[in-house]
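Here is how the chains run, residue by residue.
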Amino acid sequence: MFTTIVTRPNQVIRISTVANNVNLRASANTPTYPVNLFCFIDANVSSNVFNGPALRLGTGWANSTYFFIRNSANIVGNVGNTGVAGTGGSGGRGSGYNGAPVDGVAGSAGGTGVAGANGSVAFQAETGSQVLRMYLNNLGVIRGGNGGPGGPGGGGGGGGGATGYLLVPSKGVPYYNYYGGGGGGGGAGVAGGTGGAGGASLFVPAGSAGANGTESLGGAGGAASSGGSPAAGAGGPGGNTSQAGFGGANGGGGYTFDTSLGAKPGGVAGATGNVGNTGFAIAGNNLITFIAIGTLSGNTSN
């Protein structure tokens, strides 16, 4: 019986200054034959790429390659991205009157922000289809990146403005004109809230609708129908992200005959999203024989 002897030249990589996004195969000049790779890590290695590992084995190694890695420093993944904002709350309809009272509406609440992205892997040991062996002597720290902050809550929608009125003298029976309040502005968010409709009016133009919110700014409240004594109130502006919407205005003091036609409050801001999960300390754990485990912060995966 004959045994095939695999000869592997030795190759040494020393990381003695701070480094980012290290790919060991690239650092070894992409050998096409099996090697004994000795890697000595004496300075911190980190990631500054979203979802990228601080240290990776790399792909394309020849079968029967052996890795001997000694870490005496900190290998740390990158922090996850911040989550996006929640949706903006809708602006409330302005109060009005169109033959009968038309009640206004409060601004709606903003949506909860989206959770932050998970932190990136600290050490990615790609397995591929090769027959490889790795020995890791971890005398330092291997830590997955921190999870990203949660996204801000969507802004609350602005409340609808109050109805105004005016007693109009007449040779016959005096009558009232009714002036609609402005609609509330939509709150800010990943999808800006829709502005509320203006309040209905009797014999005069209706109040104006509030503006839609944008990704970061609440929409302006709509103007009230002009005229009236007391005057109608404008709609409240929508809140920016993480901000409550503003209540509608009472104009000249609010509608005194029917309190339901007064100004309405703004909606509350949405809650901030959850922080993302800590990234894996090591991915590709089944490839590794540990000489010393050291400090691993974050899960490991096969």
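Residues numbered from 1 in each chain as written. Predicted model: local features only at pLDDT ≥ 70, side-chain atom pairs only at ≥ 80, totals over all residues. Heavy atoms only, no water.

Student: Looking at this structure, I do not really get the confidence of the model for the protein chain. What am I missing?
Tutor: When pLDDT is low, close inspection of the predicted coordinates is not appropriate. Residues at a pLDDT of 70 or more form 92% of the protein chain, whose mean pLDDT is 91. By mean pLDDT, strand 19 (residues 300-301) is the weakest element of the protein chain at 64, and strand 5 (residues 45-46) is the strongest at 98. (pLDDT = per-residue confidence, 0-100. Helix = DSSP H or I, 4+ residues; strand = E, 2+ residues; numbered from the N terminus.)

Student: Please clarify how the pattern of salt bridges should be interpreted in this entry.
Tutor: Think of it this way: side chains of opposite charge can pair up when their charged atoms draw near. Applying the stated criterion across every chain yields a total of three salt bridges. For Glu126, the salt bridge is made with Arg56, and the minimal N-O distance between the two is 2.5 Å. In this pair, Glu126 is assigned in the loop between strand 11 (123-124) and strand 12 (132-138) and Arg56 in strand 6 (residues 55-56), connecting sequence segments 70 residues apart. Judged by its relative accessible area of 14%, Glu126 is buried. (Salt bridge = Lys/Arg side-chain N within 4 Å of Asp/Glu carboxyl O. Buried < 20%, exposed > 50% of the residue type's maximum accessible area, 1.4 Å probe, protein only.)

Student: Could you clarify how one ought to interpret unusual backbone geometry in this entry?
Tutor: The phi torsion of most residues other than glycine is negative, and most of the peptide bonds are trans. The omega torsion across Ser229 and Pro230 is 10°, close enough to zero to call that bond cis. The residue Pro230 is located in the loop between strand 15 (175-179) and strand 16 (282-283) in this model. Positive phi outside glycine occurs at Thr30, with the angle close to 45°. Its location among the elements puts Thr30 in the loop between helix 1 (24-27) and strand 4 (36-41). On the accessibility criterion, Thr30 (43% relative accessible area) is partly exposed. One non-glycine residue, Ser242, lies in the positive phi region at around 65°. Considering the arrangement of structural elements, one finds Ser242 in the loop between strand 15 and strand 16.

Student: Is there a simple way to think about the side chain of Ser120 in this case?
Tutor: Within the secondary structure, Ser120 sits in the loop between strand 10 (101-102) and strand 11. Only 2.8 Å separates the side chain of Ser120 from the backbone oxygen of Gly52, close enough to count as a polar contact. The contact partners of Ser120, leaving out residues within four places of it in the chain, are Ser47, Asn51, Gly52, Gly77, Asn78, Gly144, Gly145, Gly279 and Phe280. (Polar contact = N/O pair within 3.5 Å; in protein donor to acceptor, adjacent residues only side chain to side chain. Contact = heavy atoms within 4.5 Å.)

Student: Is there a simple way to explain a nonpolar patch on the surface in this structure?
Tutor: A cluster of nonpolar residues, Val84, Val114 and Val190, forms a patch on the protein surface that exposes about 230 Å² of accessible area. Structurally, Val190 can be placed in the loop between strand 15 and strand 16. Relative accessible area serves as the criterion here: at 47%, Val190 is assigned to the partly exposed category. (Patch = residues over 30% accessible without salt bridge, like charges linked within 9 Å, V, L, I, M, F, W, Y side chains within 5 Å. Areas by Shrake-Rupley, 256 points an atom, 1.4 Å probe, with all protein chains shown as cover.)

Student: Teacher, can you tell me more about the sheet that holds strand 17 (residues 288-292) here?
Tutor: In a beta sheet, neighbouring strands pair by backbone hydrogen bonds and run either parallel or antiparallel. Strand order in the open sheet made by the five strands is 1-4-7-12-17, with parallel pairing throughout. The open sheet is flanked by strand 1 (10-15) and strand 17, the only strands paired with a single partner. Going across the sheet, the axis of each strand differs from the next one's by a mean of 15°, ignoring polarity. Both strand 7 (residues 65-71) and strand 12 contribute to a ladder of seven bridges, which runs parallel. Its bridge partner lying in strand 12, Tyr66 is registered against Arg133. (Pairing = 2+ DSSP bridges. Axes fitted to C-alpha atoms, helices over the stretch in contact; angles between N-to-C directions.)

Student: Would you mind showing me how to read the environment of Asn20 here?
Tutor: With respect to the helices, strands and loops of the structure, Asn20 is situated in strand 2 (residues 19-20). Classification of Asn20 by relative accessible area gives partly exposed; the value is 38%. Taking the C-alpha atoms as reference points, Asn20 and Pro237, separated by 217 residues in sequence, lie 46 Å from one another. With residues near it in sequence (within four places) discarded, Asn20 still touches Ser46, Asn48 and Ala54.

Student: How should I be thinking about the nonpolar core in this particular structure?
Tutor: Counting 30 residues, the largest nonpolar core has Leu24, Ile41, Trp61, Phe123 and Met134 as its most contacted members. In contact with Leu24, other than residues within four places in its own chain, are Ile13, Leu37, Cys39, Leu55, Arg56, Leu57, Trp61 and Ile69. Grouped together as the second largest cluster of nonpolar side chains are five residues, Tyr97, Tyr165, Leu202 and Leu261 included. (Core = buried A, V, L, I, M, F, W, Y, C linked by side-chain atoms within 4.5 Å.)

Student: In this structure, what is going on with the environment of Gly94? I would like to understand it.
Tutor: Examined against the element boundaries, Gly94 turns out to sit in the loop between strand 8 (74-76) and strand 9 (96-97). The class for Gly94 is buried, based on a relative accessible area of 0%. Each C-alpha atom, one on Gly94 and one on Gly104, is 4.8 Å from the other, the two residues being 10 residues apart in sequence. For Gly94, the contacting residues outside a window of four places in its chain are Gly104, Gly160, Gly161, Gly181, Gly182, Gly183, Ala197, Gly198 and Gly199.

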